Amino acid sequence: MDIAKSSIQTFIFKVAALFMATVSGIISTRLLGPDGKGLLALALLYPSLFFVFGHLNIGFATVFRIGEKKFKKEEFAGTLFLLFVIFSVALIGIFFSTYAIFQNNLYKNIPFYFLAIGMLMLPLQIFLYFFSSFLQGIGKIFWFNFVNHLPRLLLPLLVISFWFFYRYTAFEGVIINIIIYVLSAILIFILIAHFAPQKWKINKSLLKQLLTDGSKLHLGTIATFTISRIDQIMIGIMLNVTSLGYYAVATAIAELLWFMSSAVELVLYPKTSEEGLDEAEERIKRSSRIILFLTFCEGIIMALVAKYLILIYGGKIFLPAIIPLIILLPGIILSSHSQIISVLWVKKRWLLSISIFSIINALLNVLLNLILIPRLGINGAALATTITYSVIFIFYLFLYRVAIKKPILPIIIPQKNDLLKIKNSSIDFLKIFLKPKL
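Analysis parameters
- Residues numbered from 1 in each chain as written.
- Predicted model: local features only at pLDDT ≥ 70, side-chain atom pairs only at ≥ 80, totals over all residues.
- Heavy atoms only, no water.
- Phe/Tyr/Trp six-rings, centres within 6.5 Å; stacked < 30°, edge-to-face > 60°.
- Helix = DSSP H or I, 4+ residues; strand = E, 2+ residues; numbered from the N terminus.
- Buried < 20%, exposed > 50% of the residue type's maximum accessible area, 1.4 Å probe, protein only.
- Core = buried A, V, L, I, M, F, W, Y, C linked by side-chain atoms within 4.5 Å.
- Contact = heavy atoms within 4.5 Å.
- Axes fitted to C-alpha atoms, helices over the stretch in contact; angles between N-to-C directions.
- Parallel < 35°, antiparallel > 145°, perpendicular 65-115°, else oblique.
- Nonpolar A, V, L, I, M, F, W, Y, C, P; charged D, E, K, R; others polar.

(A) Looking closely at the packing of aromatic side chains. Evaluated as defined, the whole model comprises 31 aromatic pairs. Judged by centre distance (6.3 Å) and plane angle (45°), the rings of Phe95 and Tyr99 are tilted. Placement of the pair is Phe95 and Tyr99 together in helix 3 (residues 73–102), with a separation of four residues, close to one helical turn. With relative accessibility at 0%, the residue Phe95 sits in the buried group. Taken together, the ring pairs connect Tyr46, Phe50, Phe95, Phe96, Tyr99, Tyr107 and Phe112 into an aromatic cluster.

Rendered as structure tokens:
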């Protein structure tokens, strides 16, 4: 399956997941209100925080090492399972240690039982990430998409079921997420057993390579999470769960613009790992300008109908989310381009340099939030995010011009044949939709 078809299939999964997540989001937001929405957001953010800080980017390393075809599938399966056990135990221990020390600072606006129950998602997230990356690496894009989007596909069914037959509060929202992750983990275990049917083995050489490769890129991943999610955690700590509820809605709507860029990025990593540098660079260049153009068009439309999107999503009570939503849009648009260009930096193995730059931007984002949130509230958090994404976009253009030594217009301005490519790809999607190949 080529890059366009794989991206379309991925995009279709994302659209389906988007629709189901939007349905559950609307129901959940209207049932919980700003306070409950903010509390649920915090309960889900903390496991994600520990997950991102602790997974060491083993998934990305797995995708690239599988592409090299130096190790057997069973060696990847066995080694990943060992890492899953070690990381899960270590991160759960770190959580309880930090809670004992910082419960009155970092965790002051959320009850302990919410956190303790929510942290059950952490090992499940690690398992899903490690082994879904295995599926991505061996080219099973359908199953990769299916297991990763299954939580969102199941979410509205469980939300409605709990609300209709029992009750639905922020606590039930956490329980529902745990149930969904358990089901996803069971499915992916069955799939891995199918694709790696022989006895799983631990390969020390592979273990070292995964840890080495992943750790080089991990600083950048932490920085990316910090830029995209630290604002919500800081709102929860510095303001209150009501403000976080408003901001969570604005963020959820704005980040819909990332669906297309993340679909293309997902397929670019394994595809470019198998290509020569020149061929990969041309593919990334074409993809980046197309994504920027399409996301810009979507962003303009979203800005024009922002009020109505919020009214549909949460009702009048969430109208304070309009301004932060509008402020977030320019940054989200520019970051969609940065997502694609970053594939080129990985291809060139500029991992440490980009990670250092990402950490600097993450620190800038934290500083901006510390300055702007007390003064402007959730609007300040949105402004801090957009400024940070804009800095990244400008730096990536500068890096492309200076380090690659090529003009920047071809990576930001679409060409005539790009529009034809979009048209042909759109026509192809019905032919490849939902055609899994074991």
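(B) Quick peek at the nonpolar core. Ile110, Phe130, Phe134, Leu135, Leu325 and Trp345 are the most contacted members of the largest nonpolar core, which has 132 residues in total. Take this core: its biggest share by element is 13 residues, from helix 1 (residues 3–54). If we ignore the near neighbours within four places in the chain, the residues touching Ile110 are Leu39, Leu42, Ala43, Tyr46 and Leu115.

(C) Quick look at the packing of helix 2 (residues 58–68) against helix 3. Closest axis-to-axis distance for the helix 2/helix 3 pair is 12 Å, and the angle between their directions is 170°. Classified by the angle between their axes, helix 2 and helix 3 sit roughly antiparallel to one another. Only Phe76, Leu80, Leu83 and Phe87 of helix 3 make contact with helix 2, whose side of the interface consists of Ile58, Thr62, Arg65 and Ile66. When its residues are assigned to classes, the contact of helix 2 with helix 3 shows six nonpolar, one polar and one charged.

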